[in-house]
Amino acid sequence: MNKDSKIGLWHPLTLTLVSAASMALEIVAGRALAPYVGMSLYSWTMIIAVVLAGLSLGHWIGGTLADRSRTPKNWVAISLTCAALATIVSLGAIRLIAPYLANNDPISHVGLLSLAGFFLPSMVAGMLSPLLTKMALDSVPASRHGRVLGLMFALGAFGAILGTLVAGLVLISWVGTSGSVMIIAAVYGLLSLHYWLMKPRILATIALIACALGTYQYQGALGLKSPCLKESSYFCIRVNAINFLGHESKVMALDHLAHGINDAKDPTLLLTPYVQGIDEIVRTRFKGEKLEVFFVGGGAYTLPRAWLKRYPQGRFVAAELDPQVTKIAREKMWLPKSDALTIIHGDARQILAAQPHTDKFDVIFGDAFHDISIPQHLISDEFHQLVKFHLKEEGLYTINVVDSLKKPRFLLSLVQTLKLQFPVVEVWLDVDQVQENDARVTWMVVASDKPSSTGLLTASYGFRRQWARGPIDLMVELVGKQNLVTLTDDYAPVDRLLAGLILNPKTAE
């Protein structure tokens, strides 16, 4: 083979774009699986492992083909075409099998979904790197092989960075999961044109691209329509109308977790037990029509909506990460516009830290759970110091926690951490959840300077419910103090503490 002094443009460009497309698909995978399995350390771990396994097998197959084939260009064309086809069907595969895996434990659930949707496109994409590199090496003298290898490796890494940024910052926000997948498939298809060029099989590639565009256009009919009402930069947002015990209501879900249920007619009618419980606790401590509250997270804005009506002289500040959540809460969940409610979009910790030093609140309410986990910087001792600083004397910090009923390691670690800043920390639970002996429950944590006046709270309005204060000392004895962690910015292993709940939600032992 004659060796030129230049490797040309197409092999490096193709490698860059293939690396970008494969990494973009990995980012999209997280969003595609979120409505079915949520997002946590474990789900990202499984997604990354499956994608890397596919790429690794593809590298080996591609390297073998590069050595044995006299026409690696044909294999590049075939691989690009197969990558486009595998990418097109990835979402359909996930949505087809997801209902049959719902009863599996979360780890096998996300693993099988990842395998079904993203192993094959990753494997085919992985085949291209050694094929393209071999073709680039064949075009230059042996004395330049080292530089060519370095260039191809660098371009592969650069492409991966490019794909990550484009998928995370542009594609998902602007065209959604299905649109992103179709664009990635189109990239593979368009690249294959060059390698099929001047061959009759070019017609097959043109047909492939037309198929991709048609799939995108008619994705609903093909079962590929996104399950989300809106795919924002952060969440798959869904709103469903329900009839809750005869009340017209709507529920908002972010990814895999319902974040609030709002009643259409009465904002103060709180349908979720833990939200009503927090409302009752606040009502026992603060009388009158004035209340000043900072909300860590907005979600469905269930409590802000209720307290706007109940406390007409109140002042409320809500820190919500996602502007689209607020927009949909206004459009679909009956959140009114009010001068008494200030909504700031961004990270709650940064927003709270930016409040004037003289700005103090009666209540700071933490409701920032994502699936069953929570951002680590919102449960650390350093954050609690900030919360304590912005509370009035005898102010109240309350946060909801999803954890096990029998062995709530994360809950008790949070309590242990809160006690560094607050003299009194209590945990409350809906009595019905205790009687049902459910493995997964929603606890209410209350931190303040003085204890509650009772250990059993009965609803004074709305649904007839009761909440009991948990025996923290006995709970710590049963779980074992050695299993608890003081949570800090440097070390807050939330996913490990919740591992029993995540891995075995039926027993959470």
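Below, the structure is looked at part by part. Fair warning: this is a prediction, and the values are worked out from it, not measured in the lab.

**A few points about the overall build of the chain**
- Each helix and strand counted, the chain has 16 helices and 13 strands in total.
- For the chain, the proportion of its 509 residues judged to be buried stands at 56%.
- For the chain, the share of sequence-separated contacts (at least 6 apart) that also reach a separation of at least 24 residues comes to 75%.
- Per element, the accessible surface of the chain, about 22,300 Å² overall, is 60% carbon and sulfur.

**Quick word on the environment of W196**
- Along the chain, W196 turns up in helix 5 (residues 145–196).
- Each C-alpha atom, one on W196 and one on K73, is 8.5 Å from the other, the two residues being 123 residues apart in sequence.

**Side note on the packing of aromatic side chains**
- Under the counting rule described, the total for this entry stands at 7 aromatic pairs.
- Relative to F235, the ring of Y234 lies with its centre 6.4 Å away and its plane at 45°, an arrangement referred to as tilted.
- Classification of Y234 by relative accessible area gives partly exposed; the value is 37%.
- A relative accessible area of 11% means that F235 is categorised as buried.
- A connected cluster of aromatic rings, assembled from ring pairs, spans F295, W307, Y311, F316 and F365.

**Re the pairing of strand 4 (residues 257–263)**
- Within strand 4, 6 of the 7 residues are buried, leaving the element largely enclosed by the surrounding structure.
- Relative to strand 4, strand 3 (residues 247–254) runs antiparallel, the two sharing 6 bridges. Across the sheet, the residue bridging to M252 is G260, located in strand 4.

**Brief notes about the pattern of salt bridges**
- Counted according to the given criterion, the structure contains 13 salt bridges.
- Between E292 and K392 there is a salt bridge whose closest N-O contact spans 2.4 Å. Note that E292 is positioned in strand 5 (residues 292–296) and K392 in strand 9 (residues 391–404), a separation of 100 residues in sequence.
- In this structure, D359 and R315 form a salt bridge, with 2.6 Å as the shortest nitrogen-oxygen distance. Remark: R315 occurs in strand 6 (residues 315–320) and D359 occurs in the loop between helix 10 (348–354) and strand 8 (361–366); sequence separation between them is 44 residues.
- For R315, a relative accessible area of 26% gives the class partly exposed.
- It is possible to trace a salt-bridge network through shared partners that takes in E292, R315, D359, D362 and K392.

**Structural notes on the nonpolar core**
- Of all hydrophobic cores here, the largest spans 51 residues; its most connected members are L33, V76, L80, F118 and Y188.
- Broken down by secondary-structure element, the contributors of at least two residues to this core are helix 1 (10–37), helix 2 (41–68), helix 3 (72–97), helix 4 (106–138) and helix 5.
- In terms of residue count, the dominant contributor to this core is helix 4 (13 residues).
- Each residue touching V76, except ones within four places of it in the same chain, is listed here: L128, L131, L132, M135 and Y195.
- Membership of the second largest hydrophobic core comes to 46 residues, among which are F294, A348, I374 and L391.

**Focus: a nonpolar patch on the surface**
- A cluster of nonpolar residues, F158, I161, L162, L165, V166, L169, V170, W174, V175 and I183, forms a patch on the protein surface that exposes about 950 Å² of accessible area.
- Within the secondary structure, W174 sits in helix 5.

**Observations regarding the packing of helix 12 (residues 409–418) against helix 14 (residues 472–479)**
- Closest axis-to-axis distance for the helix 12/helix 14 pair is 11 Å, and the angle between their directions is 125°. Comparing their axes, helix 14 and helix 12 come out oblique. Handedness of the crossing formed by helix 12 with helix 14: left-handed. Between helix 12 and helix 14, the contacting residues are R409, L411, L412 and V415 on the first element and I472, M475, V476 and V479 on the second.
- Residue classes in the contact of helix 12 with helix 14 are distributed as 7 nonpolar, no polar and 1 charged.

**Section: the sheet that holds strand 9**
- Taken together, 9 strands build an open sheet; the order of strands is 7-6-5-8-9-11-10-13-12 and the sheet is mixed. Only two strands of the sheet have a single partner each, and these edge strands are strand 7 (341–345) and strand 12 (456–458). Neighbour-to-neighbour, the strand axes of this sheet turn through a mean angle of 20°, independent of strand direction.
- Two strands pair when backbone bridges link them, and strand 10 (residues 424–430) and strand 13 (residues 466–469) are joined in this way by 3 bridges, in the antiparallel orientation. Among the inter-strand pairings, W428 is bridged to a residue of strand 13, identified as R469.
- Packed on one face of the sheet, helix 7 (residues 273–285) meets strand 8, strand 9, strand 10, strand 11 (440–448), strand 12 and strand 13 and runs near 20° to strand 11.
- Across the sheet, helix 12 lies against strand 9, strand 10 and strand 11, angled at about 160° from strand 9, the strand it touches most.

**Structural notes on unusual backbone geometry**
- A positive phi angle, near 60°, is found at Y301, a position not held by glycine.
- Accessibility expressed as a relative area gives 0% for Y301, which makes it buried.

**Points about the sheet that holds strand 2 (residues 236–244)**
- With respect to topology, 4 strands assemble into an open sheet ordered 1-2-3-4, the strand pairing being antiparallel. Each having just a single partner strand, strand 1 (230–231) and strand 4 make up the two edges of the open sheet.
- Across 2 bridges, the pairing between strand 1 and strand 2 is antiparallel. Among the inter-strand pairings, E231 is bridged to a residue of strand 2, identified as C236.

Parameters and conventions
Residues numbered from 1 in each chain as written. Predicted model: local features only at pLDDT ≥ 70, side-chain atom pairs only at ≥ 80, totals over all residues. Heavy atoms only, no water. Helix = DSSP H or I, 4+ residues; strand = E, 2+ residues; numbered from the N terminus. Buried < 20%, exposed > 50% of the residue type's maximum accessible area, 1.4 Å probe, protein only. Contact = heavy atoms within 4.5 Å. Areas by Shrake-Rupley, 256 points an atom, 1.4 Å probe, with all protein chains shown as cover. Phe/Tyr/Trp six-rings, centres within 6.5 Å; stacked < 30°, edge-to-face > 60°. Pairing = 2+ DSSP bridges. Salt bridge = Lys/Arg side-chain N within 4 Å of Asp/Glu carboxyl O. Core = buried A, V, L, I, M, F, W, Y, C linked by side-chain atoms within 4.5 Å. Patch = residues over 30% accessible without salt bridge, like charges linked within 9 Å, V, L, I, M, F, W, Y side chains within 5 Å. Axes fitted to C-alpha atoms, helices over the stretch in contact; angles between N-to-C directions. Parallel < 35°, antiparallel > 145°, perpendicular 65-115°, else oblique. Left-handed = near helix turned anticlockwise from the far one by under 90°. Nonpolar A, V, L, I, M, F, W, Y, C, P; charged D, E, K, R; others polar.

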